[in-house]
2 protein chains.
Amino acid sequence: MTKLQSGIEIPENSDFTLENLPFGVAEVIPGKFAAVTRIGNQVIDLEILEKLGIFSDSAFDFNSVFNKQVLNDFINLGKQAHKVVRKRLQEIFARDAQVDKKLFAAIHSAAIKPFTEVRMVMPVHVTDYTDFYSSIEHATNVGMMFRDPKNAILPNWRHLPVGYHGRASSIVVSGTNIHRPLGQTLPAGAEIPVFGPSKMLDFELEMAFVVGKSTGLGDRVKAENAEDYIFGFLLFNDLSARDIQSWEYVPLGPFLSKNFGSVVSPWIVTLEALEPFRTEGPVQDPEVLPYLKTEGKRNFDINLEVAIKTSNNDENVVCRSNFRHMYWNICQQLAHHTINGCNINTGDLYASGTISGPDPGSYGSMLELTWRGTKPITLKDGTERKFINDLDTLSMRGFSEKDGIRVGFGECITQILPAKP
Amino acid sequence: MTKLQSGIEIPENSDFTLENLPFGVAEVIPGKFAAVTRIGNQVIDLEILEKLGIFSDSAFDFNSVFNKQVLNDFINLGKQAHKVVRKRLQEIFARDAQVDKKLFAAIHSAAIKPFTEVRMVMPVHVTDYTDFYSSIEHATNVGMMFRDPKNAILPNWRHLPVGYHGRASSIVVSGTNIHRPLGQTLPAGAEIPVFGPSKMLDFELEMAFVVGKSTGLGDRVKAENAEDYIFGFLLFNDLSARDIQSWEYVPLGPFLSKNFGSVVSPWIVTLEALEPFRTEGPVQDPEVLPYLKTEGKRNFDINLEVAIKTSNNDENVVCRSNFRHMYWNICQQLAHHTINGCNINTGDLYASGTISGPDPGSYGSMLELTWRGTKPITLKDGTERKFINDLDTLSMRGFSEKDGIRVGFGECITQILPAKP
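Residues numbered from 1 in each chain as written. Chains lettered and ligands numbered in written order. Predicted model: local features only at pLDDT ≥ 70, side-chain atom pairs only at ≥ 80, totals over all residues. Heavy atoms only, no water.

Remarks on the overall build of chain A
Within chain A, the secondary structure is distributed over nine helices and 26 strands. On C-alpha atoms alone, chain A measures out to a radius of gyration of 22 Å, which is about the 22 Å that the 2.2 N^0.38 rule sets for 421 residues. Expressed as lengths along the three principal axes of its C-alpha atoms, the size of chain A is roughly 75 × 55 × 40 Å. The proportion of buried residues among the 421 residues of chain A is 61%. Of the contacts made within chain A by residues no fewer than 6 positions apart, 72% connect residues no fewer than 24 positions apart. For chain A, the accessible area works out to roughly 16000 Å², and carbon and sulfur atoms hold 50% of it. In chain A, the 42 positive side-chain charges and the 50 negative ones have mean positions that sit 1 Å from each other. (Helix = DSSP H or I, 4+ residues; strand = E, 2+ residues; numbered from the N terminus. Rg over C-alpha atoms; globule rule 2.2 N^0.38 Å. Buried < 20%, exposed > 50% of the residue type's maximum accessible area, 1.4 Å probe, protein only. Contact = heavy atoms within 4.5 Å. Areas by Shrake-Rupley, 256 points an atom, 1.4 Å probe, with all protein chains shown as cover. Lys, Arg positive; Asp, Glu negative; His and termini not counted. Charge placed at Lys NZ, Arg CZ, Asp CG, Glu CD.)

This is how it looks when you write it as structure tokens:
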């Protein structure tokens, strides 16, 4: 693989190379939204490119999809359409591109803006949202803390990708700040719950895939074909109030402890852009049922990290993990989700669950990093954290790198604001 | 309250009186959808009434909402708009209505059709779906069967309306048939799951309310104002595969055991139409936290029943229950759901959970009616049921009646088809 040379400057270590070309939606001028991609520090307006005729010799009608406030219609055009757009972008923004002078000037004056001059918005209307629980290290850690340390992994866990439905309405884009939630919690030793702001607010480092093709009720997606239904990935911060969770979650699962806000990166990186970073997943033992069997490299080597920024702007990286650790892969997740005939839609979001690695520095939540608050983390400013404080800013980052080629997600950030009175 | 006299014939025991006027969407001619209401056995096309000028002296623009494939836009106009429509319908369809002769002829020739001549479709685009667990009799029965009979009710249950997120995509309208789901189950005594069609397919008798007003992330709906956010009610059949459920649900709740299909009635009965049938709920002990306190009559006296129709067309009523039994009321459910700032949207659906009453004939699921299959029910044709067989048709009905006035939901039906190979 030869690294593509871009005509737009790409700073060293930029996530946004010519190999990446992720998709998002920006408010390009106040009140005007458009589908965009990014190269280096420049955001590129796809609606304007389309109007300039860049995509006109393709079989797809991009005219009515790039001017929407979400990418759903574009995603729904299908993988061939996404390929066409990425290929054309790689052609016209190559360093040695043969672009007509007038067109070149028009592109550069109208379609390209520094990323600091636009506001990225929620890239997709989330039609349904499911959260899996697919990291064996995370499930083991949680099982050890909350259930039986000797039988940390529950009997069903190695047989199926455990998952649950979550709230679509409260999934918001990076940069949206979230108030600490109020709720019921049961103090240690008490029999009656108390009410107030959560005292154990946590992040969960996750990735989520966006579905790009719908099925009908009763249809099943086979594991071997599942990637045909997947458009791309986002970073996903599944904010969690641990004290609310432990009081509410038996027997029907997490609810208000999760649905007060989840944060996604503004950029969806396509499956195609992540192709070079495929890798094998962990060995699955016992063997899975036939409908869950997959072959080949179905995991992705994506470096992940979480930083807590304090009000003095110190950045404290508290977790370094990798998406390759996932025990259950995305094909298995989608095959399982539809084995009963559950229908999926373009715009559905499927999150991985917390992505913890094997060593303690790779645990994907404060719950695990501080072992339920028993091992606080000391930050650069000398303060300690068991969980997340008001005014802390959480930043998640993710990127793949191989043979000098980098493809990344940028940042997924949110600041925790005090509980509303 | 004096019973309204209709100019359209209303058969005895019809759910569709002039006091009811529920809302739905019908395919009125092939390929053409319109918002409709129903009086007796006649479906009334609201789009045509609007075009005939029936609603023209109101402050609302109904022009762009009655021609949609779902009611969301109409619902979003707000309660005042719904009142205007209901009031005008009661005026023009009153027995002694003073309607211009030409207009009368136009209405009757163009806007009115027998209900058998239209196809009712899903009345609302479901934006998010939550299922509560708010019947104390149901929670007690389940707790006795699956957990500790002496501590059937879990510690959190009387302090908060337990609920969980469900799947929006697979909620379908009455008349849609559902294939028996495939899935993993753990046979008694086994350690390794098996794969195949569910052997314990069940219904759950529920009602669901439709939200009619959105909030922003971080907002809370107070219990005392919650009804301002509620448009109306549907019948809701929360189909459940008990064997899949018991294997998958720990620790994150029901998932594939529920999301293969849930069925709603085509008619949404407004909160306004149900006003005369308000009643007190059960006494809540211990006292609930302040944010969950409500005053006055917040429950509704709605008679509910479930019948199993066998292939010889026998109808076997297996359950007679009532919505008034709910321990947690709809205001408490919505106040709880938003206490953490979770945002709600017009089109959200909130189901009650199984509505069981105190006596065994009022249990709202086969699981409870046959006590986990230990007490099979004998049907009219001599066959036994522990759960639901292939080709059984499930029919749910609900109506309120007081002072000779009846308001009902019609039928919510679905046939269980064999598992797809």
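A short note on the sheet that holds strand E4 (residues 112-114) of chain B
All names here are of chain B. Reading across from one edge, E4-E3-E2-E1-E5 is the order of the five strands in this open sheet, with antiparallel pairing throughout. Where the open sheet ends on each side, the last strands, each with one partner, are E4 and strand E5 (119-121). Between one strand axis and the next, the sheet turns by 45° as a mean value, whatever way the strands run. Relative to E4, strand E3 (residues 42-45) runs antiparallel, the two sharing three bridges. Across the sheet, residue Val-43 finds its bridge partner in E4, namely Lys-113. (Pairing = 2+ DSSP bridges. Axes fitted to C-alpha atoms, helices over the stretch in contact; angles between N-to-C directions.)

Observations concerning the interface of chain B and chain A
In this complex, chain B contributes 60 residues to the contact, which on the side of chain A involves 60 residues. Here chain B packs against chain A, burying approximately 5500 Å² in sum over the two surfaces, 61% of which is carbon and sulfur. For the pair chain B and chain A, the number of links is six salt bridges. Arg167(A) is the partner of Asp128(B) in a salt bridge, and the nearest nitrogen-oxygen pair spans 3.4 Å. Across the contact surface, chain B and chain A share 32 residue pairs in polar contact (both at pLDDT 80 or more). Sorting the residues of the side of chain B that touches chain A by element identifies strand E6 (129-132), strand E7 (163-165), strand E10 (182-185), helix H6 (242-248) and helix H8 (330-338) of chain B as the ones contributing at least two each. (Buried area = accessible area lost by both parts, 1.4 Å probe. Salt bridge = Lys/Arg side-chain N within 4 Å of Asp/Glu carboxyl O. Polar contact = N/O pair within 3.5 Å; in protein donor to acceptor, adjacent residues only side chain to side chain.)

Some thoughts on the sheet that holds strand E20 (residues 303-309) of chain A
All names here are of chain A. Overall, mixed pairing links the five strands, which are arranged E9-E26-E25-E20-E21 in an open sheet. Edge positions in the sheet fall to strand E9 (178-179) and strand E21 (315-322), since each of these pairs with one other strand and no more. By the bridge criterion, two bridges tie E9 to strand E26 (residues 405-417) in an arrangement that is parallel. Residue pairing for E26: Ile-178 is matched across the bridge by Ile-416.

Some remarks on unusual backbone geometry
For the bond running from Val250(A) to Pro251(A), omega is 5°, close enough to zero to count as cis. Residue Pro286(B) follows Asp285(B) across a cis peptide bond; omega there is 5°. By the element assignment, Pro286(B) lies in the loop between strand E18 (278-279) and strand E19 (299-300). Even without being glycine, Trp371(A) reaches a positive phi, approximately 45°.

Some thoughts on the relation of the copies chain B and chain A
The two copies are related by a screw motion: chain B maps onto chain A through a turn of 180° and a shift of 0.0 Å along the axis, at an RMSD of 0.0 Å. The two molecules are tied by a two-fold rotation axis, judged by turn and shift. Distance from the rotation axis, computed per C-alpha, reaches its smallest value in chain B at Gly253(B): 2.2 Å. Residue by residue, 100% of the interface of chain B is reproduced at the interface of chain A, so both copies engage with the same surface. (Least-squares fit on C-alpha atoms with pLDDT ≥ 70 in both.)

Thoughts on the packing of aromatic side chains
Across all of its chains, the model carries 40 aromatic pairs over all chains by this definition. Note on Phe66(A) and Phe74(A): the rings are 5.3 Å apart at their centroids and 45° apart in plane angle, and the pair reads as tilted. Of the two residues, Phe66(A) and Phe74(A), neither departs from the other in class, the shared state being buried. Here Phe255(A) and Phe132(B) contribute two aromatic rings whose centre-to-centre distance is 6.1 Å and whose plane-to-plane angle is 90°, an arrangement assigned as edge-to-face. With Phe255(A) in the loop between helix H6 (242-248) and strand E16 (262-264) and Phe132(B) in strand E6, this pair bridges two chains. Like Phe255(A), the residue Phe132(B) is buried in the burial classification. Connected via pairs of aromatic rings, a cluster forms that spans Phe23(A), Phe55(A), Phe60(A), Phe62(A), Phe66(A), Phe74(A) and Phe231(A). Sitting over the face of the ring of Phe146(A), Arg372(A) holds its NZ or CZ atom 4.1 Å from the ring centroid. Note that Arg38(B) overlies the ring of Phe115(B), its terminal NZ or CZ placed 4.0 Å from the centroid. (Phe/Tyr/Trp six-rings, centres within 6.5 Å; stacked < 30°, edge-to-face > 60°. Lys NZ or Arg CZ within 6 Å of the ring centre and 35° of its normal.)

Things to note about the pairing of strand E21 (residues 315-322) of chain B
Residues and elements named next belong to chain B. Pairing geometry for strand E20 (residues 303-309) and E21, over seven bridges, is antiparallel. Note that in E21 the partner of Asn-303 across the bridge is Asn-322. Where E20 hands over to E21, the hairpin turn is made up of five residues, of which Asn-313 adopts a positive phi near 75°.

Overview of the pairing of strand E6 (residues 129-132) of chain A
Residues and elements named next belong to chain A. Here E6 shows two buried faces, one formed by Tyr-129 and Asp-131 and the other by Thr-130 and Phe-132. Of the strand pairs in this sheet, E6 and strand E22 (residues 349-351) are connected by three bridges, and their pairing is parallel. If you follow Asp-131 over to E22, its bridge partner there is Ala-351. With three bridges joining them, E6 and strand E7 (residues 163-165) adopt antiparallel strand pairing. The residue bridging Thr-130 from the neighbouring strand is His-165, located in E7.

As for the environment of Val162(A)
Structurally, Val162(A) is set in the loop between helix H5 (136-146) and E7. Judged by its relative accessible area of 2%, Val162(A) falls in the buried class. Excluding residues that lie within four positions of it along the chain, Val162(A) makes contacts with Phe132(A), Tyr133(A), Asn156(A), Trp157(A) and Leu252(B).

What about the domain arrangement of chain A?
Residue and element names in this part refer to chain A. The domains assigned to chain A are domain 1 (24-121) and domain 2 (129-417). Between domain 1 and domain 2, the C-alpha centre-to-centre distance is 31 Å. Of the roughly 1300 Å² buried at the junction of domain 1 and domain 2 (both faces included), carbon and sulfur atoms supply 64%. Ranking the residues of domain 1 by area buried against domain 2 places Ile-75, Lys-79 and Arg-86 at the top, with a combined share of 42%. Where domain 1 meets domain 2, there are one salt bridge. Across the salt bridge formed by Glu-272 and Arg-86, the nearest N and O atoms sit 2.7 Å from each other. Elements that contribute at least two residues to the side of domain 1 that touches domain 2 include exactly strand E2 (32-39), helix H2 (72-76), helix H3 (79-92) and strand E5 (119-121). (Domains from an automatic or database assignment.)

Focus: the side chain of Thr127(B)
Secondary-structure assignment places Thr127(B) in the loop between E5 and E6. The class for Thr127(B) is buried, based on a relative accessible area of 19%. A polar side-chain atom of Thr127(B) sits 2.6 Å from a polar atom in the side chain of Asp348(B). Among all residues touching Thr127(B), those that are not within four sequence positions of it are Thr127(A), Asn345(B), Thr346(B), Gly347(B) and Asp348(B).

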